[in-house]
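What follows is each chain in one-letter form.
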Amino acid sequence: MRAEVLVFWAALTLCWAPVAAREDVEEDDKLSGDPVQVRVPRGLVEPRRQTEEGGDQMKDEPAEVVQEESTKPKKKKTPEEIEAARAKKAAEKEAKAKKQKAPKPTKKPKGPKPTKKPKAPKPTKKPKAPKATKKPKETTTVQPKTTRPSLDQEEELGWDALIPPVTPTAPGWEEPVEPGLDDMPGGRQDNRKTTTTEVIMYIPEEATTVPYVGPWYEEYDYADLAAKKQEEEEERARKEKAEKAEKAEQQRKKWEEEEEERLKQISVPLEPKKCPPLGLESHRVEDDQLLASSQSHHGFTAQRGRLNMQGSKDEDDLYGGAWCAEPEEKNHWFEVDARREVEFTGVITQGRNSEQLEDFVSSYFVAFSNDSRDWTTLQDGYAEWLFYGNVDKDTPVLGQFSPPVVARYIRILPQSWNGSLCLRAEILACQLPSSYRSENDVNPSDDLDFKHHNYKDMRQMMKVINEECPNITRIYNIGKSSQGLKMYAMEISDNPGEHETGEPEFRYTAGLHGNEALGRELLLLLMQFLCKEYNDGNPRVQRLVDGVRIHLVPSLNPDAYELAFEMGSEMGNWALGHWTEEGYDIFQNFPDLNSVLWGAEDRGWVPRVVPNHHIPLPENFLNGSLATETKAIISWMERNPFVLGANLQGGEKLVVYPFDMQRPAISLTDSQRWRSNANMNEETWARIQRQRDGSLRETPDDAMFRWLAMSYAHSHLTMTETYRGSCHGDDVTGGQGIANRASWDPVVGSMNDFSYLHTNCFELSIFLGCDKFPHESELPLEWENNREALLSFIEQVNRGIKGVVRDVEGNPLPNVTISVEGIRHDVKTAPGGDYWRLLNPGEYRVTAKVDGYTPQTRLCMVGYDSGATSCSFTLAKSNWDRIKQIMALHGKRPIRLVPKVTEVKTTAASSPATTAAGTGDGASAQNAERLRRLRIMRLRRLRQQRLRAGLGTTPATTTTTTTTTTAAPTTIPETERTTSWYDSWFPVDSLMTENPFDRVDFNSESTQDYPFEYTID
């Protein structure tokens, strides 16, 4: 039976051999693109070669078992092994080709291999390869699939093994397979013992490969399968690596989120806690709370180590610009006692205030204590925390603690410095919850918006107030800054937008210096307060709003404020934002009218040539070096008849009043010239003596200015507490909280002096505190300190006299000069004819005069009751216009006064004595005229009071001894009466050397004075 099966397999193989050869040839033609080549059927040389190469493996086991064992490990070969096998087979093929000297069909299929690579990526058919091991199948169609060599096997065996070359054979050669088939015992194990085993190896191999050569080579590229597999494995490895990295990143992010959540839940904040300053700059920290290791000399004690402390101009003066340590000491420290446990969060340091030296601390440690004995230096987690300090003397530098430290005492331990060891500092700390109330804790009674407002917030706040009180408020702007920002103002009145006759106008201004923010916020709070209290029916506020037209301007320098606001309340230095964008100090940028007035007074031109009020601006002054903001303020002052005002500033705590400019001392030459005149009155002599000493600084209304200043200072809760001195030195107010600016800190061209000399307004400067830009938390306290003072100062506008000046027809007269006897400063009426004159209680002679009208004088009483005293005038027209015309006709020369003497009518029988008397009267008339002129010149030279004198004459009569003759009727000489309207046309030069009395003959006989009246209009 086994022999029959073998015979059947041999016949089947012989039948399929030509077919397979034909199909192989066709496929080779397709792959190579060459002409069709005849493929010779395989012989038994290949099995013999395979047997020889098989070696010992083909001896002890059946062929099928050997094939299974050879295919299984080949699936696990590495690419290197595959390449080595390919090289080995290629060498064998070349050697065999040389021996056979036949065409090399094995090299042609290698050319098209790259074209098969695109067909290789069909991994879904790869599992069909293991079907070669399925031997139990009984059908003959399945068995070839098990013996079909794989791609690796084909590559190892080579094309020569699969398609052997045609070799010549002898005519008598027979195929060795046929005779041995009958002797086969039926297994592959027996085939190894004979040479016919090659047929057994070859027949199933050819029988299994021939039917599937076409489809397998078309669908799969087994040459690149291992490389593709390697690429897939590498790609899979890369994907796995990327997935692992992505998972690790996700895990890291998740961990960070969990850490952030954990940090939020614990007590340590992520950012340093923000706390207000403890109060070194604002002087809420007393001098006894500051202590230092040493001091360089008496002017640089620990009390001088406050932020923004200003030193005196003299470097060796009693007050220096910082705390400076003794250079010979080794351990330096600056200590602050908070007087109770607080939460320290930071330190702000600054260098020494000096115009010549650059002294500042560049690095320092910080230590804390609760008993001032045991000190703990702040650590950063690894070592002592070294804070970096300043790089210049003016810019503040902040060092923050994270987390905050709770203690009572804090020390700054300088480690390195530039120049001398000098320091100014501020401590940031939060108050801990306590059962008792601190003196600095204030619960404001008013529900107001206590915060700092930038330009946008300020405009929005004013808009909200206007919407809440539209019937008493009006928003307008007085001009624009150099950068185009509007300078907004709010009017608060019962009839906003109009000037009411008899209603005074008041103004508060702030923000002349952009970094002085407290005045800005106080005016915004005052707007809110007046609006709410008026709506709530507060009688005091209603009386103010109904009786006074109030103007509030919170920011006159908006450009500079935005710069200071950006830096913050504590981080801006003393000068940041002080000037405008163009570099002007607005407060000192006004025309200098003081010099004009004082020069005219020295020459005797006041008030005839130069008035003592409403002094005009110098020519082309507005085109000179004036800031844009200054021009807008001047125009605003001239449009409104302000009576009283104040500008709010910072950096000190006092109220100052004009003059702000110090009057220069009179020269020695002028003093001797004046003193040589023995007829000088006492008042003039005293004024010259004060002027020589340089102490003439007060205005004619000095008493009124002092009262106005005291009304604010004494209404302020803390301004008169001067026991510790001023902010930067000794107390200059004498415990009153007020001072004359010229004696304290004189300036030229100030806003106060200009307002007093160019308008009717009395203006003062109010310095609100040592800290120019206080922290937001201090605003409630500052409002409580200043609220009553702000209201009380507004009420002073109704102090003095007021009235309306009209003509006889009842029409109001504008620009009428109102003079008060004894005060060398006048005011003018408004366009509506009304005026206000601030005066202290007393009795005053008030005169109203204007061109074209006869002056009028009244006696006005000012009492102690609230409210101004009414004192109105009605003026009649005069012939002043006609007098001006006559003066123009005579070339504006003085007209000599010539008395007209009528002839004496006598009878024809008059005696010769009558003629003699007439001749004597003519000579006496000439002497009288000369004496009269000398009297007028004397009056001009000595500047005495106006002369009002009238001289009478006795008529000359003639009698005769004849009884029949009666006294002849005579007529009294009549003289024309005139006034001294031409007094101003006698310019008297104070330096005139000629003595007019030298030409007077005092030995002449006395003359008769003529009856004329001399009055001064």
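Because the structure is a prediction, the values reported are computed rather than measured.

Peer 1: So what about the overall build of the protein? Which residues, and what values?
Peer 2: When you go through the protein residue by residue, the secondary structure sums to 26 helices and 27 strands. Put simply, of all contacts in the protein between residues at least 6 apart along the chain, 78% involve residues at least 24 apart. Accessible area for the protein stands at about 53,400 Å²; split by element, carbon and sulfur atoms hold 51% of it.

Peer 1: Mind laying out the state of the cysteines, listing which residues take part and the relevant values?
Peer 2: Within the structure shown, the criterion is met by five disulfides. What pairs with Cys-275 in a disulfide is Cys-430, and their sulfur atoms sit 1.6 Å apart. Between Cys-275 and Cys-430 the disulfide shows an S-S torsion of about -105°. By sign, it is left-handed. Of this pair, Cys-275 sits in the loop between helix H12 (225–265) and strand S1 (290–292) while Cys-430 is found in strand S8 (residues 422–431), placing the two residues 155 residues apart along the sequence. Among the residues examined, Cys-275 registers a relative accessible area of 8% and is labelled buried. Note on cysteine connectivity: Cys-727 is disulfide-linked to Cys-770, with sulfurs 1.7 Å apart. Between Cys-727 and Cys-770, the disulfide has an S-S torsion of -80° and is therefore left-handed.

Peer 1: Account for the nonpolar core, naming residues and giving values.
Peer 2: Core analysis: the biggest nonpolar cluster contains 89 residues, and Tyr-508 and Tyr-712 have the highest contact counts within it. With 11 residues, helix H14 (residues 518–536) is the single largest residue contributor to this core. Here Tyr-712 is in contact with Tyr-508, Val-655, Met-719, Ile-766, Leu-768, Asn-786, Ala-789, Leu-790 and Phe-793, once residues within four sequence places are set aside. Within the second largest apolar cluster, 30 residues are counted, among which are Val-285, Ala-338, Tyr-364 and Ile-412.

Peer 1: How would you explain the pairing of strand S17 (residues 801–807) if you had to name every residue and give the values?
Peer 2: For S17, the tally of buried residues reaches five of seven residues, placing the bulk of the element in the interior. The pairing of S17 with strand S20 (residues 834–837) spans four bridges and is classified as antiparallel. Looking at S20, one finds that Gly-803 is bridged to Tyr-835. Where S17 and strand S23 (residues 869–870) come together, two bridges link them in parallel fashion. Looking at S23, one finds that Lys-802 is bridged to Ser-870. Across three bridges, S17 lies against strand S24 (residues 873–875) in parallel orientation. The residue of S24 that forms the bridge with Asp-807 is Leu-875.

Here is what the cut-offs are and how they apply
Residues numbered from 1 in each chain as written. Predicted model: local features only at pLDDT ≥ 70, side-chain atom pairs only at ≥ 80, totals over all residues. Heavy atoms only, no water. Helix = DSSP H or I, 4+ residues; strand = E, 2+ residues; numbered from the N terminus. Contact = heavy atoms within 4.5 Å. Areas by Shrake-Rupley, 256 points an atom, 1.4 Å probe, with all protein chains shown as cover. Disulfide = S-S within 2.5 Å. Buried < 20%, exposed > 50% of the residue type's maximum accessible area, 1.4 Å probe, protein only. Core = buried A, V, L, I, M, F, W, Y, C linked by side-chain atoms within 4.5 Å. Pairing = 2+ DSSP bridges.

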